[in-house]
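Overview (structure and organization)
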Amino acid sequence: MKGATTAGVIGLAGCLGGDDDTISVTIGGTSSGSSTQAAGQALARAANEHSDVVDISVQVTDGWTANLREFDDDNIPAMGVDNNSISKAMNDEGPFEENPVDSLPHQGFMFTSLQIHMVGLEGSGLESTADLQDGGYTIYPIQPGFGTRLLTEEVLKDAGVWEPNEINNADTGDIPGQVEEGNVDALCLYGANGVELSGWCQEVDVRSGDGLYLLEVDDDFRQAIEDHPGALLEEFEPYGYEQDVTDVTDTVTSWSLAAQWAFGPDIPAEATKEIARLSNEHHDTLRESDSTTLEFTPELMTETVMEDLEIHEGVAEFFEENDVWDDAWERGEASE
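Residues numbered from 1 in each chain as written. Predicted model: local features only at pLDDT ≥ 70, side-chain atom pairs only at ≥ 80, totals over all residues. Heavy atoms only, no water.

1. Structural notes on the overall build of the protein chain
Where we set the bar: Runs of H or I in DSSP of at least four residues are treated as helices and runs of E of at least two as strands, each being numbered from the N terminus. Here the globule rule reads 2.2 Å times residues to the power 0.38, and the radius of gyration is calculated from C-alpha atoms. Partly exposed describes any residue whose relative accessible area lies between the buried limit of under 20% and the exposed limit of over 50%, with all areas from a 1.4 Å probe on protein chains only and scaled to the type maximum. Residue contacts are counted whenever heavy atoms from the two residues lie within 4.5 Å of one another. Throughout, the Shrake-Rupley method with a 1.4 Å probe supplies accessible areas, and for residues the shown protein chains are the sole cover considered. In this count, Lys and Arg are taken as positive residues and Asp and Glu as negative ones, while His and the chain termini are left out. For this purpose, a charge sits on NZ of Lys, CZ of Arg, CG of Asp or CD of Glu.
What the protein chain contains, in helices and strands, is 11 helices and 12 strands. Since a compact globule built from 336 residues should have a radius of gyration of about 20 Å, the 20 Å found for the protein chain is in line with a globular shape. Principal-axis analysis of the C-alpha atoms gives the protein chain an extent of 65 × 40 × 35 Å. Each of the 336 residues in the protein chain was classed as buried or not, and the buried ones make up 58%. For the protein chain, the share of sequence-separated contacts (at least 6 apart) that also reach a separation of at least 24 residues comes to 75%. Total accessible area on the protein chain stands at roughly 13,400 Å², and carbon and sulfur atoms take up 38% of it. With 12 positive and 71 negative side-chain charges, the protein chain shows a separation of 4 Å between the mean positions of the two kinds.

2. Focus on the pairing of strand E8 (residues 186-192)
The following threshold applies: Paired strands, as defined in this entry, are two strands with at least two bridges between them according to DSSP.
A large share of E8 lies buried, amounting to seven of its seven residues. Neither face of E8 is left uncovered, since the one carrying Ala186, Cys188, Tyr190 and Ala192 and the one carrying Leu187, Leu189 and Gly191 both have all their residues buried. Where strand E5 (residues 106-121) and E8 come together, seven bridges link them in antiparallel fashion. Looking at the pairing, Gly120 lines up with Ala186 of E8. Sheet analysis places strand E6 (residues 138-140) next to E8, joined by two bridges and oriented parallel. Residue pairing in the sheet places Tyr140 in a bridge with Leu187 of E8. Where E8 and strand E9 (residues 196-197) come together, two bridges link them in antiparallel fashion. Counted as the bridge partner of Gly191 is Leu197 from E9. Two successive antiparallel strands, E8 and E9, enclose a turn made up of three residues, where Asn193 displays a positive phi of approximately 60°.

3. Things to note about helix H7 (residues 219-227)
Which entries qualify depends on this criterion: An arc is given here, and it is the one of the directions from the helix axis to the C-beta atoms. Definition of a polar contact: a pair of N or O atoms within 3.5 Å, with one able to donate and the other able to accept a hydrogen when the atoms are protein atoms, and with sequence-neighbouring residues admitted only if both atoms are side-chain atoms.
Listed as buried for H7 are Phe221, Ala224 and Ile225. Down the axis, H7 shows its buried residues gathered within 100° of arc, on one side only. Seen from the buried face of H7, the exposed residues on the opposite side, beyond 90 degrees, are Asp219 and Asp227. Where H7 begins, the side chain of Asp218 points an oxygen toward the backbone nitrogen of Asp220, at a separation of 2.9 Å.

4. What to know about the packing of helix H4 (residues 147-158) against H7
Heads up, the condition is: Simply put, an axis is a line fit to the C-alpha atoms, just over the touching stretch for a helix, and the angle between two N-to-C directions goes from 0 to 180 degrees. Working rule for angles: under 35 degrees goes down as roughly parallel, over 145 as roughly antiparallel, 65 to 115 as roughly perpendicular, anything else as oblique. Put simply, a crossing is left-handed when the front helix is turned counterclockwise from the back one by less than a right angle, and right-handed when it is turned clockwise. Three categories are distinguished: nonpolar for Ala, Val, Leu, Ile, Met, Phe, Trp, Tyr, Cys and Pro, charged for Asp, Glu, Lys and Arg, and polar for the others, with Gly belonging to the last.
At a closest axis distance of 8 Å, the pairing of H4 and H7 adopts a crossing angle of 130°. Taken together, H4 and H7 sit at an angle that is classed as oblique. Between H4 and H7 the crossing geometry is right-handed. Taking contact as the criterion, the partners of Val155, Leu156 and Asp158 in H4 are, on H7, Phe221, Ala224 and Ile225. Within the contact of H4 with H7, the residues separate by chemical class into five nonpolar, no polar and one charged.

5. Notes on the state of the cysteines
Note the following rule: Cysteine sulfurs are considered disulfide-paired once they come within 2.5 Å of each other.
Summed over the entire model, instances satisfying the criterion amount to zero disulfides. Cysteine Cys188 is unpaired, with the sulfur of Cys201 as its nearest cysteine sulfur at 9.9 Å. For Cys188, a relative accessible area of 0% gives the class buried.

6. Focus: unusual backbone geometry
Of note in the backbone geometry, Asp92 takes a positive phi value of approximately 50° without being a glycine. Here Asp92 shows up in the loop between helix H3 (83-90) and E5. Owing to a relative accessible area of 37%, Asp92 belongs among the partly exposed residues under this scheme. A positive phi is found at Asp323, a non-glycine position, where the angle reads about 60°. By the secondary structure assignment, Asp323 is in the segment after helix H11 (313-321). Judged by its relative accessible area of 73%, Asp323 falls in the exposed class.

7. Re the packing of aromatic side chains
This is how it is decided: Classification of ring pairs rests on two measures: the distance between centres of Phe, Tyr or Trp rings, Trp counted by its six-membered ring, which must be within 6.5 Å, and the angle between planes, read as stacked under 30 degrees, edge-to-face over 60 and tilted in between.
For the coordinates displayed, the defined rule picks out nine aromatic pairs. Put simply, the rings of Phe318, Phe319, Trp325 and Trp329 pair up and form one aromatic cluster.

8. Looking at the side chain of Gln107
Locating Gln107 in the fold gives a position in strand E5. When residues no more than four places from it in sequence are discounted, the contact partners of Gln107 are Gln260, Trp261, Thr304, Val305, Met306, Leu309, Glu310, Ile311 and His312.

Below you can see the structure in the form of structure tokens.
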């Protein structure tokens, strides 16, 4: 795939503690309060404190899936994005079937894994995802444009709970108020890396009072998760909630989605290699800004690599120097 031109977004940003100019990179995050925004801001802080090579800023966008369109439209040079969205874009499927993109970024490295799960709202009468098959409920399946929404929509459709119910398409910034007003019966929320709920999900938790509880996941829904190639079925004790959400079940059953930082070929290799180094070497700084930060290792950073899309040249160099490169992967060429 050809790379998008990003003139005016990547450039030189003066000197930071040295004689060389610093490469400035803008990363497309997602919405304010999202896990991707938190991770991006942490990365920007690490660059500010520990690098004279790269300067990072994070731009608010409409989500992981939407980021691929923003990149194709030359609006962002780098992004957070999930592999399910990338795969759909590569194969002109899902939201890209009728409106495909012409260019894709080069792969970077894994930065988060989100555990998406379903909760009910007090007064809905719901106990299990099986109840949703009967229809007549209002579901919030995350904001349109989010990669988490794309995967969630596919899982809910496969499980037979999408069509019979009303779908709420509010932005994540608006849904806490709607929960407070009792406008939804079930919501799909997510936490990051087994540590903490995403910022907007925390707001839902707070503003719902003591009204949230985990839904029991029935066999059909569980099978839909297991059968989806973009989802990972995980079960664990709830985390991140201020309230007790175990009235019906004490187990979270999630369809988890991993995401990576991806970079356009116009970004110099020196910059992306430095971004990978910062993630690997400065865990403490990252966690001071984002408590959900992964315990980055070179091996973990490769877990989102797809064999049929180029890896950015600078990230490829980082993988090679840390002995985690696989010759089955395709190395991209960055602009100089």
